Amino acid sequence: MSHPADTPTLVVEDLRTSFATERGALKAVDGVSFALHSGQTLGVVGESGSGKSATARSIMNLLPPGASTSTGRVLLDGRDVRNLSRAESRHIWGVEASMVFQNPMTTLNPVIQIGRQIGEGLRYHRRLSREAATRRARELLEQVGIADPDRRLREYPHQLSGGMRQRVMIAIALACEPKLLIADEPTTALDVTVQKQILDLLDRLRRQHRMAMILITHDLSVVAGRTDEVIVMYAGRIVEKAPTLRLFTAMRHPYTKALFESIPKVAHPSHTRLQIIPGRPPDLAKLPAGCAFAPRCAHAQPRCLSEAPPLSIGDDTEHLFACFYPAGSLEGEAAAAANRAAGRTAGGLRLANGTGTGEEVSS
Ligand SMILES: Nc1ncnc2c1ncn2[C@@H]1O[C@H](COP(=O)(O)OP(=O)(O)OP(=O)(O)O)[C@@H](O)[C@H]1O
Ligand SMILES: [Mg+2]
(Lines give C-alpha, C1' and ligand atoms only; values in the text may rest on other atoms or scores of the structure.)
(Ligands and ions follow the chains in the order given, each with its own letter.)
Protein backbone atom coordinates (compact mmCIF):
# COMPACT_ATOMS: atom_id res chain seq x y z
CA MET A 1 0.00 0.00 0.00
CA SER A 2 1.15 3.51 -0.59
CA HIS A 3 2.95 5.75 1.84
CA PRO A 4 2.58 9.20 0.34
CA ALA A 5 4.89 10.77 2.92
CA ASP A 6 7.87 8.54 2.08
CA THR A 7 10.31 9.14 -0.70
CA PRO A 8 9.18 6.84 -3.48
CA THR A 9 11.56 3.99 -4.29
CA LEU A 10 11.33 4.87 -7.96
CA VAL A 11 10.32 8.06 -9.70
CA VAL A 12 10.22 8.19 -13.49
CA GLU A 13 9.67 11.58 -15.01
CA ASP A 14 8.98 12.24 -18.66
CA LEU A 15 10.99 9.30 -19.93
CA ARG A 16 11.59 9.38 -23.69
CA THR A 17 13.48 6.74 -25.61
CA SER A 18 13.88 6.33 -29.32
CA PHE A 19 15.65 3.88 -31.57
CA ALA A 20 17.51 5.01 -34.66
CA THR A 21 16.05 3.11 -37.60
CA GLU A 22 16.38 3.38 -41.38
CA ARG A 23 13.05 5.14 -41.43
CA GLY A 24 14.06 7.66 -38.80
CA ALA A 25 13.69 7.85 -35.04
CA LEU A 26 11.25 5.31 -33.65
CA LYS A 27 9.68 6.68 -30.48
CA ALA A 28 9.39 3.63 -28.27
CA VAL A 29 8.83 5.56 -25.03
CA ASP A 30 7.19 8.94 -25.35
CA GLY A 31 6.87 10.86 -22.10
CA VAL A 32 6.24 8.20 -19.45
CA SER A 33 5.99 9.29 -15.80
CA PHE A 34 5.08 7.45 -12.61
CA ALA A 35 6.18 6.92 -9.02
CA LEU A 36 6.39 3.71 -7.06
CA HIS A 37 6.74 3.19 -3.29
CA SER A 38 8.43 0.38 -1.44
CA GLY A 39 6.20 -2.66 -1.04
CA GLN A 40 4.00 -1.53 -3.92
CA THR A 41 3.43 -3.21 -7.26
CA LEU A 42 2.82 -1.32 -10.46
CA GLY A 43 1.33 -3.19 -13.40
CA VAL A 44 2.39 -2.11 -16.90
CA VAL A 45 0.00 -3.40 -19.53
CA GLY A 46 -0.24 -3.03 -23.29
CA GLU A 47 -0.18 -4.86 -26.60
CA SER A 48 3.03 -6.10 -28.14
CA GLY A 49 5.15 -3.16 -29.27
CA SER A 50 3.53 -0.61 -26.96
CA GLY A 51 6.85 0.18 -25.27
CA LYS A 52 6.66 -1.83 -22.04
CA SER A 53 10.10 -3.44 -22.29
CA ALA A 54 11.64 -0.28 -23.70
CA THR A 55 10.37 1.55 -20.63
CA ALA A 56 11.86 -1.08 -18.31
CA ARG A 57 15.15 -1.15 -20.17
CA SER A 58 15.37 2.64 -20.18
CA ILE A 59 14.90 2.70 -16.41
CA MET A 60 17.53 -0.01 -15.97
CA ASN A 61 20.05 1.53 -18.39
CA LEU A 62 19.90 -1.66 -20.43
CA LEU A 63 19.20 -0.23 -23.85
CA PRO A 64 20.96 -1.59 -26.90
CA PRO A 65 23.27 0.58 -29.02
CA GLY A 66 21.26 2.78 -31.34
CA ALA A 67 18.84 3.72 -28.61
CA SER A 68 18.84 7.14 -27.09
CA THR A 69 17.10 8.40 -24.01
CA SER A 70 16.59 12.11 -23.88
CA THR A 71 15.12 14.35 -21.19
CA GLY A 72 13.42 13.00 -18.13
CA ARG A 73 14.66 11.82 -14.78
CA VAL A 74 14.88 8.47 -13.09
CA LEU A 75 15.22 8.67 -9.31
CA LEU A 76 15.98 5.61 -7.23
CA ASP A 77 15.35 6.38 -3.56
CA GLY A 78 15.48 10.05 -4.45
CA ARG A 79 18.82 9.78 -6.22
CA ASP A 80 19.12 10.69 -9.88
CA VAL A 81 20.54 7.63 -11.60
CA ARG A 82 20.67 8.96 -15.12
CA ASN A 83 24.20 10.28 -15.28
CA LEU A 84 26.26 7.88 -13.25
CA SER A 85 29.70 6.55 -14.00
CA ARG A 86 29.89 3.01 -15.36
CA ALA A 87 31.00 1.60 -12.02
CA GLU A 88 28.26 3.35 -10.06
CA SER A 89 25.73 2.32 -12.61
CA ARG A 90 26.81 -1.32 -12.45
CA HIS A 91 26.44 -1.27 -8.70
CA ILE A 92 22.93 0.11 -8.80
CA TRP A 93 21.50 -1.99 -11.60
CA GLY A 94 21.61 -5.54 -10.42
CA VAL A 95 22.07 -4.72 -6.78
CA GLU A 96 19.59 -2.02 -5.84
CA ALA A 97 17.35 -2.70 -8.81
CA SER A 98 17.14 -5.85 -10.86
CA MET A 99 15.09 -7.40 -13.56
CA VAL A 100 13.52 -10.75 -14.43
CA PHE A 101 13.15 -11.30 -18.15
CA GLN A 102 10.61 -13.10 -20.23
CA ASN A 103 12.73 -15.93 -21.51
CA PRO A 104 15.09 -17.52 -18.99
CA MET A 105 16.72 -19.69 -21.65
CA THR A 106 18.22 -16.65 -23.37
CA THR A 107 19.35 -15.07 -20.11
CA LEU A 108 20.78 -18.04 -18.25
CA ASN A 109 24.19 -19.22 -19.36
CA PRO A 110 23.78 -22.79 -20.70
CA VAL A 111 27.29 -23.92 -19.74
CA ILE A 112 27.48 -22.65 -16.19
CA GLN A 113 26.05 -24.48 -13.18
CA ILE A 114 22.97 -22.93 -11.58
CA GLY A 115 24.69 -22.40 -8.23
CA ARG A 116 27.51 -20.40 -9.80
CA GLN A 117 25.10 -18.28 -11.81
CA ILE A 118 23.18 -17.34 -8.68
CA GLY A 119 26.37 -16.75 -6.71
CA GLU A 120 28.12 -14.63 -9.32
CA GLY A 121 26.48 -11.33 -8.36
CA LEU A 122 27.06 -12.03 -4.69
CA ARG A 123 30.76 -12.64 -5.21
CA TYR A 124 31.15 -9.58 -7.38
CA HIS A 125 28.94 -7.07 -5.61
CA ARG A 126 28.94 -8.38 -2.07
CA ARG A 127 32.48 -9.77 -2.17
CA LEU A 128 31.37 -13.11 -0.73
CA SER A 129 33.73 -16.07 -0.77
CA ARG A 130 32.88 -18.98 -3.06
CA GLU A 131 31.60 -21.00 -0.09
CA ALA A 132 29.48 -18.19 1.30
CA ALA A 133 28.04 -17.47 -2.16
CA THR A 134 27.11 -21.13 -2.58
CA ARG A 135 25.44 -21.21 0.83
CA ARG A 136 23.44 -18.13 -0.05
CA ALA A 137 22.57 -19.56 -3.49
CA ARG A 138 21.22 -22.66 -1.76
CA GLU A 139 19.08 -20.49 0.54
CA LEU A 140 17.79 -18.55 -2.41
CA LEU A 141 16.82 -21.74 -4.25
CA GLU A 142 14.83 -22.77 -1.20
CA GLN A 143 13.20 -19.36 -1.03
CA VAL A 144 12.02 -19.59 -4.61
CA GLY A 145 10.55 -23.02 -3.94
CA ILE A 146 13.01 -25.34 -5.64
CA ALA A 147 13.11 -28.80 -4.11
CA ASP A 148 16.41 -30.60 -3.60
CA PRO A 149 18.49 -27.42 -3.84
CA ASP A 150 21.81 -29.20 -3.27
CA ARG A 151 21.35 -31.19 -6.45
CA ARG A 152 20.00 -28.22 -8.45
CA LEU A 153 22.99 -26.07 -7.54
CA ARG A 154 25.20 -28.38 -9.55
CA GLU A 155 22.89 -28.72 -12.54
CA TYR A 156 22.78 -26.80 -15.82
CA PRO A 157 19.81 -24.80 -17.17
CA HIS A 158 18.74 -27.49 -19.68
CA GLN A 159 18.22 -29.95 -16.82
CA LEU A 160 15.47 -27.75 -15.35
CA SER A 161 11.85 -27.28 -16.40
CA GLY A 162 10.68 -23.89 -17.72
CA GLY A 163 9.06 -23.04 -14.40
CA MET A 164 12.21 -23.95 -12.47
CA ARG A 165 14.38 -21.88 -14.78
CA GLN A 166 12.13 -18.90 -14.16
CA ARG A 167 12.47 -19.52 -10.41
CA VAL A 168 16.26 -19.53 -10.84
CA MET A 169 16.02 -16.20 -12.69
CA ILE A 170 14.07 -14.81 -9.76
CA ALA A 171 16.69 -16.15 -7.34
CA ILE A 172 19.41 -14.38 -9.36
CA ALA A 173 17.43 -11.15 -9.41
CA LEU A 174 16.86 -11.31 -5.66
CA ALA A 175 20.39 -12.37 -4.69
CA CYS A 176 21.56 -8.89 -3.71
CA GLU A 177 18.21 -7.94 -2.14
CA PRO A 178 17.16 -5.19 -4.51
CA LYS A 179 14.76 -2.41 -3.55
CA LEU A 180 13.19 -2.56 -6.96
CA LEU A 181 12.36 -5.60 -9.05
CA ILE A 182 11.15 -5.30 -12.61
CA ALA A 183 9.51 -8.46 -13.92
CA ASP A 184 9.06 -8.22 -17.68
CA GLU A 185 6.47 -10.81 -18.78
CA PRO A 186 7.92 -13.25 -16.24
CA THR A 187 5.39 -15.97 -17.02
CA THR A 188 4.53 -15.62 -20.69
CA ALA A 189 6.37 -18.77 -21.74
CA LEU A 190 4.84 -20.90 -18.98
CA ASP A 191 1.63 -22.89 -18.68
CA VAL A 192 -1.22 -21.46 -16.66
CA THR A 193 -0.66 -23.40 -13.43
CA VAL A 194 3.06 -22.61 -13.31
CA GLN A 195 2.26 -19.01 -14.26
CA LYS A 196 0.13 -18.64 -11.17
CA GLN A 197 2.80 -20.23 -8.95
CA ILE A 198 5.46 -17.84 -10.22
CA LEU A 199 3.24 -14.78 -9.84
CA ASP A 200 2.32 -15.87 -6.29
CA LEU A 201 6.00 -16.39 -5.53
CA LEU A 202 6.90 -12.90 -6.76
CA ASP A 203 4.11 -11.49 -4.67
CA ARG A 204 5.25 -13.28 -1.53
CA LEU A 205 8.88 -12.23 -2.03
CA ARG A 206 7.83 -8.66 -2.65
CA ARG A 207 6.00 -8.60 0.66
CA GLN A 208 8.80 -10.33 2.57
CA HIS A 209 11.47 -7.97 1.25
CA ARG A 210 9.27 -4.87 1.02
CA MET A 211 10.44 -4.42 -2.54
CA ALA A 212 8.85 -2.14 -5.05
CA MET A 213 7.85 -4.19 -8.06
CA ILE A 214 6.94 -3.50 -11.65
CA LEU A 215 4.99 -6.29 -13.28
CA ILE A 216 4.92 -6.03 -17.06
CA THR A 217 2.38 -8.01 -19.05
CA HIS A 218 0.25 -7.87 -22.19
CA ASP A 219 -2.50 -9.63 -20.24
CA LEU A 220 -4.72 -7.32 -18.22
CA SER A 221 -6.01 -10.26 -16.16
CA VAL A 222 -2.52 -10.84 -14.72
CA VAL A 223 -2.46 -7.45 -12.98
CA ALA A 224 -5.93 -7.77 -11.46
CA GLY A 225 -5.59 -8.44 -7.74
CA ARG A 226 -1.79 -8.44 -7.90
CA THR A 227 -0.95 -4.78 -8.30
CA ASP A 228 -1.69 -1.55 -6.49
CA GLU A 229 -1.72 0.59 -9.58
CA VAL A 230 -1.82 -0.03 -13.31
CA ILE A 231 -0.55 1.95 -16.26
CA VAL A 232 -1.85 1.08 -19.69
CA MET A 233 0.52 1.83 -22.55
CA TYR A 234 -0.20 2.45 -26.20
CA ALA A 235 2.35 3.57 -28.77
CA GLY A 236 4.95 4.45 -26.14
CA ARG A 237 2.60 6.55 -24.06
CA ILE A 238 0.52 6.03 -20.96
CA VAL A 239 -3.12 6.20 -22.03
CA GLU A 240 -4.64 5.31 -18.66
CA LYS A 241 -3.33 5.15 -15.11
CA ALA A 242 -5.31 4.28 -12.01
CA PRO A 243 -5.32 2.34 -8.76
CA THR A 244 -6.01 -1.23 -9.86
CA LEU A 245 -9.47 -1.58 -8.38
CA ARG A 246 -10.54 1.74 -9.86
CA LEU A 247 -9.27 0.70 -13.25
CA PHE A 248 -11.22 -2.53 -13.25
CA THR A 249 -14.41 -1.00 -11.95
CA ALA A 250 -14.35 2.14 -14.11
CA MET A 251 -12.00 1.88 -17.06
CA ARG A 252 -12.22 5.01 -19.17
CA HIS A 253 -9.92 4.66 -22.17
CA PRO A 254 -11.48 2.75 -25.09
CA TYR A 255 -8.13 0.98 -25.55
CA THR A 256 -8.15 -0.30 -21.95
CA LYS A 257 -11.71 -1.52 -22.54
CA ALA A 258 -10.66 -3.26 -25.73
CA LEU A 259 -7.75 -4.94 -23.91
CA PHE A 260 -10.14 -6.02 -21.19
CA GLU A 261 -12.55 -7.49 -23.71
CA SER A 262 -9.73 -9.53 -25.21
CA ILE A 263 -9.20 -11.43 -21.92
CA PRO A 264 -10.51 -15.02 -22.04
CA LYS A 265 -13.47 -15.13 -19.67
CA VAL A 266 -13.42 -17.74 -16.92
CA ALA A 267 -17.13 -18.39 -17.45
CA HIS A 268 -16.46 -19.61 -21.00
CA PRO A 269 -13.05 -21.16 -20.75
CA SER A 270 -13.03 -23.60 -23.59
CA HIS A 271 -13.48 -22.32 -27.09
CA THR A 272 -14.70 -18.80 -26.64
CA ARG A 273 -13.54 -16.63 -29.48
CA LEU A 274 -11.64 -13.73 -28.15
CA GLN A 275 -12.51 -10.23 -29.07
CA ILE A 276 -9.47 -9.05 -31.00
CA ILE A 277 -8.77 -5.34 -31.13
CA PRO A 278 -9.25 -4.48 -34.79
CA GLY A 279 -6.42 -2.84 -36.70
CA ARG A 280 -2.75 -2.67 -35.89
CA PRO A 281 -0.69 -0.49 -33.59
CA PRO A 282 0.70 2.59 -35.34
CA ASP A 283 4.13 2.95 -36.85
CA LEU A 284 6.18 4.47 -34.05
CA ALA A 285 8.52 6.12 -36.54
CA LYS A 286 5.57 7.98 -38.09
CA LEU A 287 3.14 8.73 -35.30
CA PRO A 288 -0.10 10.44 -36.29
CA ALA A 289 -0.79 13.98 -35.15
CA GLY A 290 -3.81 13.07 -33.04
CA CYS A 291 -4.53 10.20 -30.70
CA ALA A 292 -2.48 7.19 -31.78
CA PHE A 293 -5.40 4.85 -31.05
CA ALA A 294 -8.00 6.84 -33.01
CA PRO A 295 -7.83 4.75 -36.22
CA ARG A 296 -8.84 1.67 -34.23
CA CYS A 297 -11.20 3.30 -31.78
CA ALA A 298 -14.97 2.85 -31.68
CA HIS A 299 -15.36 6.27 -30.05
CA ALA A 300 -13.13 8.28 -32.38
CA GLN A 301 -14.33 11.60 -33.75
CA PRO A 302 -12.62 14.02 -36.18
CA ARG A 303 -11.03 15.90 -33.27
CA CYS A 304 -9.18 12.72 -32.24
CA LEU A 305 -7.29 12.74 -35.55
CA SER A 306 -5.89 16.21 -35.27
CA GLU A 307 -5.32 16.67 -31.56
CA ALA A 308 -3.53 14.33 -29.16
CA PRO A 309 -5.44 14.10 -25.89
CA PRO A 310 -3.24 14.79 -22.85
CA LEU A 311 -3.15 12.32 -19.96
CA SER A 312 -4.67 14.78 -17.53
CA ILE A 313 -8.26 15.02 -18.70
CA GLY A 314 -10.71 15.10 -15.82
CA ASP A 315 -10.19 16.47 -12.33
CA ASP A 316 -9.28 13.17 -10.72
CA THR A 317 -5.62 13.09 -9.77
CA GLU A 318 -5.57 9.35 -9.07
CA HIS A 319 -7.27 8.14 -12.22
CA LEU A 320 -5.79 9.58 -15.40
CA PHE A 321 -6.75 8.86 -18.99
CA ALA A 322 -5.89 10.37 -22.34
CA CYS A 323 -9.17 10.44 -24.24
CA PHE A 324 -11.63 13.11 -25.37
CA TYR A 325 -14.54 10.64 -25.49
CA PRO A 326 -13.93 8.28 -22.58
CA ALA A 327 -16.03 5.25 -21.84
CA GLY A 328 -18.65 5.93 -19.22
CA SER A 329 -19.06 9.58 -20.23
CA LEU A 330 -22.01 11.04 -22.11
CA GLU A 331 -19.70 12.24 -24.88
CA GLY A 332 -18.02 8.87 -25.16
CA GLU A 333 -21.22 6.86 -25.34
CA ALA A 334 -22.74 9.36 -27.79
CA ALA A 335 -19.65 9.17 -30.00
CA ALA A 336 -19.79 5.37 -30.03
CA ALA A 337 -23.53 5.38 -30.76
CA ALA A 338 -23.08 7.86 -33.61
CA ASN A 339 -20.32 5.72 -35.11
CA ARG A 340 -22.49 2.62 -34.87
CA ALA A 341 -25.47 4.40 -36.45
CA ALA A 342 -23.30 5.58 -39.33
CA GLY A 343 -22.05 2.03 -39.85
CA ARG A 344 -18.50 2.97 -39.02
CA THR A 345 -17.09 -0.20 -37.59
CA ALA A 346 -13.42 -0.65 -36.78
CA GLY A 347 -12.64 2.92 -35.87
CA GLY A 348 -15.00 5.82 -35.63
CA LEU A 349 -13.58 7.32 -38.80
CA ARG A 350 -13.56 6.51 -42.44
CA LEU A 351 -10.20 5.09 -43.29
CA ALA A 352 -8.34 6.03 -46.42
CA ASN A 353 -7.77 2.42 -47.44
CA GLY A 354 -11.35 1.58 -46.64
CA THR A 355 -10.49 -1.69 -44.97
CA GLY A 356 -10.95 -0.63 -41.40
CA THR A 357 -7.56 -1.94 -40.43
CA GLY A 358 -6.55 1.43 -39.16
CA GLU A 359 -3.26 1.61 -41.00
CA GLU A 360 -3.74 4.76 -43.02
CA VAL A 361 -5.97 7.59 -42.11
CA SER A 362 -6.45 10.48 -44.48
CA SER A 363 -5.98 13.77 -42.80
N1 LIG B 1 16.58 -2.56 -30.47
C2 LIG B 1 15.55 -2.00 -31.11
N3 LIG B 1 15.73 -1.35 -32.28
C4 LIG B 1 14.69 -0.76 -32.93
N5 LIG B 1 13.42 -0.80 -32.47
C6 LIG B 1 13.18 -1.43 -31.32
C7 LIG B 1 14.22 -2.08 -30.57
N8 LIG B 1 13.68 -2.64 -29.47
C9 LIG B 1 12.36 -2.36 -29.52
N10 LIG B 1 12.06 -1.64 -30.62
C11 LIG B 1 10.73 -1.12 -30.99
O12 LIG B 1 10.26 -0.34 -29.94
C13 LIG B 1 8.86 -0.51 -29.79
C14 LIG B 1 8.55 -0.91 -28.38
O15 LIG B 1 9.11 -2.19 -28.16
P16 LIG B 1 9.00 -2.93 -26.77
O17 LIG B 1 9.90 -4.10 -26.84
O18 LIG B 1 9.19 -1.97 -25.66
O19 LIG B 1 7.48 -3.42 -26.78
P20 LIG B 1 6.71 -4.27 -25.68
O21 LIG B 1 5.54 -3.47 -25.24
O22 LIG B 1 7.66 -4.73 -24.65
O23 LIG B 1 6.16 -5.49 -26.56
P24 LIG B 1 6.11 -7.07 -26.23
O25 LIG B 1 4.79 -7.28 -25.52
O26 LIG B 1 6.11 -7.70 -27.58
O27 LIG B 1 7.29 -7.45 -25.40
C28 LIG B 1 8.44 -1.53 -30.83
O29 LIG B 1 7.95 -0.85 -31.97
C30 LIG B 1 9.74 -2.25 -31.17
O31 LIG B 1 9.70 -2.71 -32.49
MG1 LIG C 1 8.38 -6.59 -24.09
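Scroll up to find the structure this text is about.
Residues numbered from 1 in each chain as written. Chains lettered and ligands numbered in written order. Predicted model: local features only at pLDDT ≥ 70, side-chain atom pairs only at ≥ 80, totals over all residues. Heavy atoms only, no water.

**Student:** I would appreciate a short explanation of the packing of helix α7 (residues 162–174) against helix α8 (residues 192–209) in the present structure.
**Tutor:** When two helices pack together, their arrangement is given by the angle between the helix axes and the distance between those axes. Closest axis-to-axis distance for the α7/α8 pair is 10 Å, and the angle between their directions is 15 degrees. By the criterion of interaxial angle, the relationship of α7 to α8 is roughly parallel. Helix-helix and strand crossings are classified by hand; for α7 and α8 the assignment is right-handed. Across the interface between the two elements, Gly163, Gln166, Arg167, Ile170 and Leu174 from α7 touch Val194, Gln197, Ile198, Leu201, Leu202 and Leu205 from α8. Of the residues assigned to the contact of α7 with α8, the class counts are 7 nonpolar, 3 polar and 1 charged. (Axes fitted to C-alpha atoms, helices over the stretch in contact; angles between N-to-C directions. Helix = DSSP H or I, 4+ residues; strand = E, 2+ residues; numbered from the N terminus. Parallel < 35°, antiparallel > 145°, perpendicular 65-115°, else oblique. Left-handed = near helix turned anticlockwise from the far one by under 90°. Contact = heavy atoms within 4.5 Å. Nonpolar A, V, L, I, M, F, W, Y, C, P; charged D, E, K, R; others polar.)

**Student:** Sorry if this is basic, but what is going on with the side chain of Gln301 here?
**Tutor:** Inspection of the secondary structure puts Gln301 in the loop between α11 (254–261) and α12 (302–306). The class of Gln301 is buried, set by a relative accessible area of 15%. (Buried < 20%, exposed > 50% of the residue type's maximum accessible area, 1.4 Å probe, protein only.)

**Student:** Just checking my understanding: could you explain the sheet that holds strand β3 (residues 41–45) for this structure?
**Tutor:** Spatially, the 7 strands line up as an open sheet ordered β7-β8-β9-β3-β10-β11-β12, and their pairing is mixed. Both outer strands of the open sheet, β7 (97–100) and β12 (320–321), are each paired with one neighbouring strand and no more. Summarising the sheet, β3 and strand β9 (residues 212–217) pair through 5 bridges and their orientation is parallel. Residue pairing across strands places Thr41 opposite Met213, the latter belonging to β9. In this fold α7 packs onto β7 and β8 (180–184), with an angle of close to 175 degrees to the strand it touches most, β7. Across the sheet, α11 lies against β3, β10 (229–234) and β11 (237–243), angled at about 100 degrees from β10, the strand it touches most. (Pairing = 2+ DSSP bridges.)

**Student:** Looking at this structure, how should I read the pairing of strand β1 (residues 10–21)?
**Tutor:** Side-chain positions along a regular strand alternate between the two faces of the sheet. Relative to strand β2 (residues 24–36), β1 runs antiparallel, the two sharing 10 bridges. The partner of Val11 across the bridge, within β2, is Ala35. Connecting the antiparallel pair β1 and β2 is a turn made up of 2 residues. Here β1 runs beside strand β5 (residues 73–76); their pairing, made up of 4 bridges, is antiparallel. Among the inter-strand pairings, Val12 is bridged to a residue of β5, identified as Val74. Where β1 and strand β4 (residues 67–70) come together, 4 bridges link them in antiparallel fashion. Note on β4: the bridge partner recorded for Phe19 is Ala67.

**Student:** Which parts of the structure should I look at to understand helix α1 (residues 52–59)?
**Tutor:** Given 3.6 residues per helical turn, the α-helix brings residues three or four places apart onto the same face. Counting buried residues in α1 gives 6 out of 8 residues, a clear majority hidden from the surface. Where α1 is concerned, the buried positions are Lys52, Ala54, Thr55, Ala56, Ser58 and Ile59. A positive phi of about 55 degrees marks Asn61, the residue just after α1.

**Student:** When you look at the pattern of salt bridges in this model, what are you seeing that I'm missing?
**Tutor:** Scanning the entire structure with this criterion turns up 24 salt bridges. The salt bridge involving Glu13 is made with Arg73; its shortest N-O contact spans 3.0 Å. One end of the pair, Glu13, is in strand β1; the other, Arg73, is in strand β5, and 60 residues separate them in sequence. Glu13 sits in the partly exposed class, given a relative accessible area of 32%. On the basis of relative accessibility, which here comes to 37%, the residue Arg73 falls in the partly exposed class. The partner of Arg79 in a salt bridge is Glu88, with the nearest N and O atoms 3.7 Å apart. Residues joined by salt bridges that share partners form a network here, namely Asp14, Arg16, Asp30 and Arg237. (Salt bridge = Lys/Arg side-chain N within 4 Å of Asp/Glu carboxyl O.)

**Student:** When you look at α7 in this model, what are you seeing that I'm missing?
**Tutor:** Its 13 residues give α7 an end-to-end C-alpha distance of 18 Å, which sits within 8% of 18 Å, the value for a rise of 1.5 Å per residue. Of the residues making up α7, those classed as buried are Gly163, Arg165, Gln166, Arg167, Val168, Met169, Ile170, Ala171, Ala173 and Leu174. (Expected span 1.5 Å × (residues − 1).)

**Student:** Please explain the environment of Gly39 as it appears in this structure.
**Tutor:** Tracing the backbone shows Gly39 in the loop between β2 and β3. Classification of Gly39 as buried rests on a relative accessible area of 8%.

**Student:** Sorry, what's going on with the packing of helix α4 (residues 114–125) against α7 here?
**Tutor:** The interhelical angle for the contact between α4 and α7, taken along N-to-C directions, is 25 degrees, at an axis separation of 8 Å. Taken together, the axis directions place α4 and α7 in an arrangement best described as roughly parallel. Of the two elements, α4 crosses α7, and the hand of that crossing is right-handed. Facing α4, whose interface residues are Ile114, Gln117 and Ile118, α7 presents Val168, Ala171 and Ile172.

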